[in-house]
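So the chains spell out like this:
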Amino acid sequence: MGRVGAAHEYVPHTIFLSVPAGHNVANLLRGVVLSQLLSREDLRVVILSPFSIDPRFTSEFAHPRVAFEVLHAHRPRTLERVVDSILSERFLLETGLTAPRLQRDRARLTDGWRGRRALVALKSAVSRLPVSRWSWFRAAEACVPRDRYAPLFERCRPALVVTATAGFLLAEIPLIATARARGVPMMGADLGWDNLSSKYRPIRRVDYLTVWNEAMRDEAVRYHGFARDRVSVSGAVQFDPYLRGEALEPRHQFLRAIGADPDRRLVTLATPPYTMYPSAGLLVETLAQAVERDRLGPPAQLLVRVHPRDDLEAYQAYRARPHVLVEKPIARMTAVEGIPPYDVFAPTVANRQHLAATLAHSDVLVNFASTTTVEACIFDTPVINVGFDAEPDLPLPVSIRRYYEYEHYRPVIELGAARVARDPDDLVARIRHYLEDPSEDREARQALVRACCAFTDGESGTRVAKQILGVLARVAPAA
């Protein structure tokens, strides 16, 4: 395994590339971003990742100008948690965003700790003190230990640190704090669709961002204080293979490969994690019975695609039901201790090809407020979102309905690109309607793809690499 400090040919510039989770592996390394960075012969890339202990990982991305270092798990200490919590509350007060407020209120409703009420009152009072959010940012970073990565910075003297989440994943926080303390410029890339408006914890300040679309660029400026010229629009890297129109296996061949009947319509359920939706049992039972009793109109079958964060064993009993299939087709990697188990799933090229075929050959997708909505719309597959719980009349912060109030997802509903089922009977009726007329809402689906993806040429990975190199040229002129 290549380690910094081993014998390497001298190159003028070094980039630290943070790859903290499995989907970042797929987007930043398995696409074209890494290969295009390495097309610059004056550049060395140090990949910092919790997967650097996995020989498969280091072998897959081995290159004479690539070195691997471990990105360790980070467990915030008490003072850091306190300051971060105050910062989160200040962020909510200043932005008025609905999604972070619902997340905060959900935590308060589900945490039975008796001292929470007093803590909430204290945090609310402190967050209203005449102290700027940027001062709280500096206080938060001052609480973060920097000794772990300081020697690495000293040896490599990176010209630029590229992060994948800008601090949403805890593992990146010490890296960001160390770069800030040493004056190394930072750029956030591969930020997810909802990260700028839907997280109670605000992002740690980096110097530059590249985001999917103009709406996210506006969020970076409005909510996070970025100068507009520091934020570039790249498109969604993870959708590049779909938008390039890569060839998919024929429908009948795909259905036979997964054990499905080519003569039946395919309804795919993309499950959420149990922690997000404890009512998954009701949902699968509703769909399984609808298939069994021919309530969907034409003969149909159900594919349950289990979320990477969801437990496959919880769905095994449904394999015995007629015309119900269950799968969890995604690879995982070996990570350092302390990394959340759901972050170790790293889609391979084959995994993403399988997902593309699944979405393209499904007649209807049933899901929640996730990026699979956009992915299905790319293939013009009708989408129905689940908007009901097993327990009726739950407060909004603990109901699945909360996700359809999130700022990043409201345009989906407003455009009509996905329809929200309000109860089990409504879900069955909406599936039946789409099976009878799949062209319904086609223009809305196309409008969502244009708005969310910004570019539909399949070249977003190339744009991200060019934007990183552009920032490097800006902050570190040729040596």
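Residues numbered from 1 in each chain as written. Predicted model: local features only at pLDDT ≥ 70, side-chain atom pairs only at ≥ 80, totals over all residues. Heavy atoms only, no water.

S.K.: Looking at this structure, I do not really get the overall build of the chain. What am I missing?
M.R.: Along the chain, the regular secondary structure elements total 19 helices and 13 strands. Here the C-alpha atoms of the chain give a radius of gyration of 23 Å, agreeing with the 23 Å that 2.2 N^0.38 yields for 479 residues. When each of the 479 residues of the chain is scored for burial, the buried share is 56%. Residue pairs in contact within the chain that sit at least 24 positions apart in sequence constitute 70% of those at least 6 positions apart. Summed over all atoms, the accessible surface of the chain reaches about 20000 Å², with 51% contributed by carbon and sulfur. (Helix = DSSP H or I, 4+ residues; strand = E, 2+ residues; numbered from the N terminus. Rg over C-alpha atoms; globule rule 2.2 N^0.38 Å. Buried < 20%, exposed > 50% of the residue type's maximum accessible area, 1.4 Å probe, protein only. Contact = heavy atoms within 4.5 Å. Areas by Shrake-Rupley, 256 points an atom, 1.4 Å probe, with all protein chains shown as cover.)

S.K.: Would you mind going over empty space enclosed by the protein with me for this structure?
M.R.: Taken as a whole and judged by the stated rule, the model has one cavity of 30 Å³ or more. Its volume calculated, the largest cavity comes out at about 60 Å³. Lining the largest cavity we find Asp190, Leu191, Thr210, Val211, Trp212, Ser234, Gly235, Ala236, Val237, Gln238 and Val464. Within the lining of the largest cavity, the residues separate by chemical class into six nonpolar, four polar and one charged. (1 Å grid on protein atoms, 1.4 Å probe; cavity = no way out; pocket = protein on both sides within 12 Å on 5 of 7 lines; lining within 4 Å. Points joined across faces, edges and corners; volume = space filled by probe spheres on them. Nonpolar A, V, L, I, M, F, W, Y, C, P; charged D, E, K, R; others polar.)

S.K.: Would you take a moment to explain the environment of Val211 for this structure?
M.R.: Summarising the element assignment, Val211 is placed in strand E6 (residues 208-211). When the C-alpha atoms of Val211 and Ile173 are compared, they prove to be 20 Å apart, with 38 residues separating the residues in sequence.

S.K.: It is not clear to me how the sheet that holds strand E13 (residues 419-421) should be interpreted in this structure. Could you clarify?
M.R.: Strand pairing in a sheet relies on backbone hydrogen bonds, with the paired strands running either antiparallel or parallel. With respect to topology, six strands assemble into an open sheet ordered E10-E9-E8-E11-E12-E13, the strand pairing being parallel. Looking at which strands have only one partner, the edges of the open sheet turn out to be strand E10 (324-327) and E13. Looking at each pair of strands side by side, their axes are set apart by 25° on average, direction ignored. The pairing of strand E9 (residues 300-305) with E10 spans four bridges and is classified as parallel. (Pairing = 2+ DSSP bridges. Axes fitted to C-alpha atoms, helices over the stretch in contact; angles between N-to-C directions.)

S.K.: I keep staring at the state of the cysteines and nothing clicks. Help me out?
M.R.: Throughout this description, disulfide means a covalent bond between two cysteine sulfur atoms. Across all of its chains, the model carries zero disulfides by this definition. Free of any disulfide, Cys453 has its nearest cysteine sulfur in Cys452, 5.2 Å distant. Under the relative-accessibility criterion, Cys453 is labelled buried at 0%. (Disulfide = S-S within 2.5 Å.)

S.K.: Would you mind showing me how to read the pairing of strand E12 (residues 383-386) here?
M.R.: Each regular strand carries side chains that alternate between the two faces of the sheet. Neither face of E12 is left uncovered, since the one carrying Val383 and Asn385 and the one carrying Ile384 and Val386 both have all their residues buried. Relative to E12, strand E11 (residues 364-367) runs parallel, the two sharing three bridges. Bridge assignment links Asn367 to a residue of E12, and that residue is Asn385. The β-α-β motif built from E11, the intervening helix H15 (residues 372-378) and the parallel element E12 has right-handed crossover chirality. Sheet topology note: the E12/E13 ladder contains three bridges and is parallel. Each residue of the ladder has a partner; that of Val386, found in E13, is Ala421. You can see the chain leave E12, run along helix H16 (residues 410-415) and come back into E13, and the turn it takes is right-handed. (Right-handed = clockwise from strand over helix to strand, strands pointing away.)

S.K.: Sorry, what's going on with the packing of aromatic side chains here?
M.R.: Each aromatic ring pair is summarised here by two numbers: the centre-to-centre distance and the angle between the ring planes. In this structure the tally under the stated criterion is 13 aromatic pairs. Aromatic pair Phe57 and Phe68: ring centres 5.8 Å apart, planes at 70°, arrangement edge-to-face. On the criterion of sequence distance, the pair formed by Phe57 in helix H3 (residues 55-60) and Phe68 in strand E3 (residues 66-70) is long-range, its members being 11 residues apart. The pair Phe57 / Phe68 is uniform in exposure class, with both members buried. (Phe/Tyr/Trp six-rings, centres within 6.5 Å; stacked < 30°, edge-to-face > 60°.)

S.K.: Is there a simple way to explain the sheet that holds strand E1 (residues 13-18) in this structure?
M.R.: Judged by pairing direction, the sheet is parallel, and its seven strands sit side by side in the order E3-E2-E1-E4-E5-E6-E7 without closing on themselves. At either margin of the open sheet sits one strand with a lone partner, and together these are E3 and strand E7 (231-233). Within the sheet, the average angular offset between the axes of one strand and its neighbour, ignoring direction, is 20°. Against the sheet, helix H19 (residues 460-475) contacts E1, strand E2 (43-49), strand E4 (160-163), strand E5 (186-188), E6 and E7, and its axis sits at roughly 165° relative to E6.

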